[in-house]
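As a plain string of letters, each chain reads:
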Amino acid sequence: MRDAIAFVLGNFTLTFFVLGLLASAAALWFTQQPRTSPIITEALFSYFLLFSMGVANFYNFVMHVFFGEMSAHFIGWADSPFQAEVGFASLGFAVVGFLAFKGSFGLRLAAVVGPACFLWGAAGVHIYQMITEHNFAPGNAGVIFYSDILVPIVGLIFLWLQRRSTATHDGPAVGVR
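Quick caveat, the model's predicted, so the values are computed rather than measured.

Quick notes on the rules
Residues numbered from 1 in each chain as written. Predicted model: local features only at pLDDT ≥ 70, side-chain atom pairs only at ≥ 80, totals over all residues. Heavy atoms only, no water. Patch = residues over 30% accessible without salt bridge, like charges linked within 9 Å, V, L, I, M, F, W, Y side chains within 5 Å. Areas by Shrake-Rupley, 256 points an atom, 1.4 Å probe, with all protein chains shown as cover. Salt bridge = Lys/Arg side-chain N within 4 Å of Asp/Glu carboxyl O. Helix = DSSP H or I, 4+ residues; strand = E, 2+ residues; numbered from the N terminus. Buried < 20%, exposed > 50% of the residue type's maximum accessible area, 1.4 Å probe, protein only. Arc of directions from axis to C-beta. Contact = heavy atoms within 4.5 Å.

A contiguous nonpolar surface patch, about 840 Å² in accessible area, is contributed by Met1, Ile5, Phe7, Val8, Leu9, Leu14, Val18, Leu19 and Leu22. Counting only elements with at least two residues in the nonpolar patch, the list comes to α1 (2–10) and α2 (12–29). For Leu19, the position within the fold is in helix α2. Exposure remark for Leu19: the relative accessible area of 34% places this residue in the partly exposed category.

Looking at helix α4 (residues 68–75), one finds that the buried residues are Gly68, Ser71, Ala72 and Ile75. All buried residues of α4 project into a common sector of 100° when viewed along the axis, lining one side. Along α4, the residues that are exposed and aim more than 90 degrees away from the buried face are Glu69 and His73. Check the buried side of α4 and you find it contacts α3 (37–66), α5 (82–100), α6 (105–132) and α7 (138–141). Positive phi shows up at Gly76, right after α4, with a value of about 90°.

What follows is the structure in structure tokens.
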């Protein structure tokens, strides 16, 4: 049980992505028929924003600001005041993610693009650390590394799907919000 909890908390980006999918499924379950493409896209995207951008970044804020030494150790780095800076950047991304849950397309664009720049930059640093320092700590080369690459891609796909579905229908997608 302890190992399972450690996995869930240590791989929080995967955990919150899965929770977002489950919340989307629950929202769609209670949505009246028909479940059109825009309604499904809205459910998936809104809960992705809530969990993968909002909650995951808030968790990252808490871990880096209040448990900085532990977070640095998990990543395989030395603790430094930079932990707090990363934490507060994550807090900003979290707030935008929470606002984008029910926000406009422009706000959703910001909620994906800002963290994408951060996460892809972090993935680049992780690769550099793996090559130059042979740092294969779980927080540097594990699930976190892969989610640094994949979460922004999923967000950009959702942006594209939402833009496409609202452009081909009369007005904005209505449904799960």
